[in-house]
Amino acid sequence: MSNRTESYLVGLVGDGVTPSLTPYMHEREGDVQGLRYLYRPIDLLELGLPGESVGQLLQNARTLGFNGLNITHPCKQLVLQYLDVISPDALKLGAVNTVVIEDGRFIGHNTDFSGFGAALASGLPGAKLDRVVQLGAGGAGSAVAYALLSAGVKALDLVDVAPERAAERAAELAGFFPDSTVTAHTTAELPQLMALTDGLVHCTPVGMAAHPGVPLDLGLLEARHWVADIVYRPIDTELVRGARAKGCAVLDGGRMAVGQAADAFRIFTGLEPDPERMRSHFLELVAAEEVAA
C-alpha cells in the first residue's frame, strides 16, 4: 500500500453521466494504490445546466479544490476556450475530455484518442494496419481515426452516413498525417472497401442497448479481418459476436473505455495505473449491470 496521504477529488461533467462506470474504475484503482480518491459525476441534465456552463463549473472546481475533471458530451469543444494550456494532440482534435487543475491553471488533454491507441496495442497486438475501414466520423470517430493514423495505419477509409462530415474529417486528418492516405466514402461502397481492408473499426451508436443492430452486413466480414467496436454497453455487441463467429480477431469497446480511464488516472495522479486490473474491474461492473437489467 502507498504511504501517500494526499487526497484526490475528481469529477465528470456532461449530460446523463450519473450511470457512468468511470467513477467506479477510478475509485477502485485509487483504493488499490492506497489513495484517498473520490470521483463524482456532475450531471448537467440533473442539474438543469447547459453545456455552456462548463467554464463556470471549471472555476467552481478550482475553488473547491478539485484536482481535475473529465469532460464529456456536450462540453468537449465548449471547454476549449476556458483552458490555459491544451496538449498538442487535443488541440489538433479540437476536443478535450480531461482537464487537470494545477497551480490554479486548467490544462486540457484528450484521452479518447490515447485510450483507443492503448486498446489497439493491448487488445490486438500485431494487427495489420496497411488499410483500415472506419464506420462513423463523428466526435468519437475523430479521436479513433487520429489514434489509428498515429498507430501507423497507411490508408484509412472513413465511412459515414453524412458524406460531407466524412469528407471534412478526411481532409483534416490528411493534413495532420501527410504520409497516410485518408479517404471519405459512403456506406454504399462498403462491399468494395471490405474486400480490400485489413480491419474494421466501428464508431457509431448502432449496437448500443438503445440502438440494437449491426452497422453493416456481417456477410462482408472475413476471418482475415480484425474488428474493433467502441460500443461497450453491452460489451458483446451484435457486431462483436458476429465477428467472433466468423473467426475474426476482435477488440470490444471496453478496451477503449478502460484505456481512457487509465490515461486520465495517470494525468490526475501522476501515478501509473494497472490497465489489466482496471479492465477486470470494468468487466465485473458491466456483468453486474447486465444481471441487474
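Attention here is on the structure that accompanies the text. These numbers were taken from a predicted model, which means no experiment stands behind them.

### Quick notes on the packing of aromatic side chains
1) Next: Applying the stated criterion across every chain yields a total of six aromatic pairs.
2) Next: Seen in terms of ring centroids, F113 and Y146 are 5.1 Å apart; in terms of plane orientation they differ by 85°. Their pairing is edge-to-face. Separated by 33 residues along the polypeptide, F113 in helix α5 (residues 111–123) and Y146 in helix α6 (residues 139–150) bring together distant segments of the chain.
3) Next: Residue class for Y146 comes out buried when judged on its relative accessible area of 2%.
4) Next: Grouped by ring-pair contacts, the aromatic residues F113, Y146, F176 and F177 constitute a single cluster.

### A short note on the pattern of salt bridges
1) Next: The final tally for this structure, using the stated rule, is 17 salt bridges.
2) Next: For R40, the salt bridge goes to E27, with nearest N and O atoms at 3.2 Å. Of this pair, R40 sits in strand β2 (residues 36–43) while E27 sits in helix α1 (residues 22–32), placing them 13 residues apart in sequence.
3) Next: One salt bridge connects D160 with R165, and the closest N-O pair in it is separated by 3.0 Å.
4) Next: Here D160 falls in the buried class, since its relative accessible area comes to 5%.
5) Next: Beyond isolated ion pairs, a larger network of salt bridges with shared partners links K128, D130, K154 and D198.

### Here we look at the sheet that holds β2
1) Next: Overall, mixed pairing links the six strands, which are arranged β2-β1-β3-β5-β6-β4 in an open sheet. The sheet is open, and its two edges are formed by β2 and β4 (85–86), each paired on a single side.
2) Next: Looking at chain direction, strand β1 (residues 7–14) and strand β3 (residues 68–71) are connected through four bridges and run parallel. The residue of β3 that forms the bridge with V13 is I71.
3) Next: Sheet contacts for helix α10 (residues 254–269): β1, β2, β3, β5 (98–102) and β6 (105–109); angle to β5, the most-contacted strand, approximately 10°.

### Topic: helix α9 (residues 238–245)
1) Next: Burial in α9 covers these residues: L239, V240, G242 and A243. The arc that holds every buried residue of α9, seen down its axis, measures 165°, which confines them to one face.
2) Next: Buried residues along α9 sit against β10 (199–202), β11 (226–229) and β12 (249–251).
3) Next: With its phi angle positive at about 90°, G247 sits one or two positions after the end of α9.

### Comments concerning the environment of G152
1) Next: Tracing the backbone shows G152 in the loop between α6 and β8 (155–159).
2) Next: The spatial distance from the C-alpha of G152 to the C-alpha of S180 is 8.2 Å, given a sequence separation of 28 residues.

### Considering unusual backbone geometry
1) Next: Cis rather than trans, the peptide bond between H73 and P74 has omega equal to 10°.
2) Next: For P74, the position within the fold is in the loop between β3 and β4.
3) Next: Cis rather than trans, the peptide bond between R233 and P234 has omega equal to 10°.
4) Next: Looking at the element boundaries, P234 is found in the loop between β11 and α9.
5) Next: Here the phi dihedral of D103 falls at roughly 50°; this positive angle occurs in a residue that is not glycine.
6) Next: Structurally, the position occupied by D103 is in the loop between β5 and β6.
7) Next: Overall, D103 belongs to the exposed group, its relative accessible area being 76%.

### Some points on the nonpolar core
General note: in soluble globular proteins, nonpolar side chains tend to be found buried as a group.
1) Next: In terms of nonpolar packing, the biggest core is built from 30 residues, with F116, L148, L156, V201 and W226 touching the most fellow members.
2) Next: Per-element tally for this core: the top contributor is α6, with seven residues.
3) Next: Apart from the residues within four sequence positions on either side, W226 is in contact with L120, L124, A127, K128, L129, V132, L148, D198, G199, L200, V201 and A249.
4) Next: Ranked by size, the runner-up nonpolar core spans 18 residues in total, among them V54, F66, A90 and V96.

### Here we look at the side chain of T22
1) Next: Looking at the element boundaries, T22 is found in helix α1.
2) Next: Apart from residues no more than four positions distant in its own chain, T22 is found in contact with Y39 and N70.

### Quick notes on the side chain of D43
1) Next: By the element assignment, D43 lies in strand β2.
2) Next: Despite its burial, D43 pairs with no opposite charge, the nearest such side chain being R233 at 11 Å.
3) Next: A distance of 3.0 Å separates the side chain of D43 from the backbone nitrogen of L45, its partner in a polar contact.
4) Next: Every residue in contact with D43, bar those within four places of it in the chain, is listed here: G14, D15, G16, V17 and T18.

Conventions adopted
Residues numbered from 1 in each chain as written. Predicted model: local features only at pLDDT ≥ 70, side-chain atom pairs only at ≥ 80, totals over all residues. Heavy atoms only, no water. Phe/Tyr/Trp six-rings, centres within 6.5 Å; stacked < 30°, edge-to-face > 60°. Helix = DSSP H or I, 4+ residues; strand = E, 2+ residues; numbered from the N terminus. Buried < 20%, exposed > 50% of the residue type's maximum accessible area, 1.4 Å probe, protein only. Salt bridge = Lys/Arg side-chain N within 4 Å of Asp/Glu carboxyl O. Pairing = 2+ DSSP bridges. Contact = heavy atoms within 4.5 Å. Axes fitted to C-alpha atoms, helices over the stretch in contact; angles between N-to-C directions. Arc of directions from axis to C-beta. Core = buried A, V, L, I, M, F, W, Y, C linked by side-chain atoms within 4.5 Å. Lys, Arg positive; Asp, Glu negative; His and termini not counted. Polar contact = N/O pair within 3.5 Å; in protein donor to acceptor, adjacent residues only side chain to side chain.

The analysis is restricted to geometry; functional conclusions fall outside its scope.
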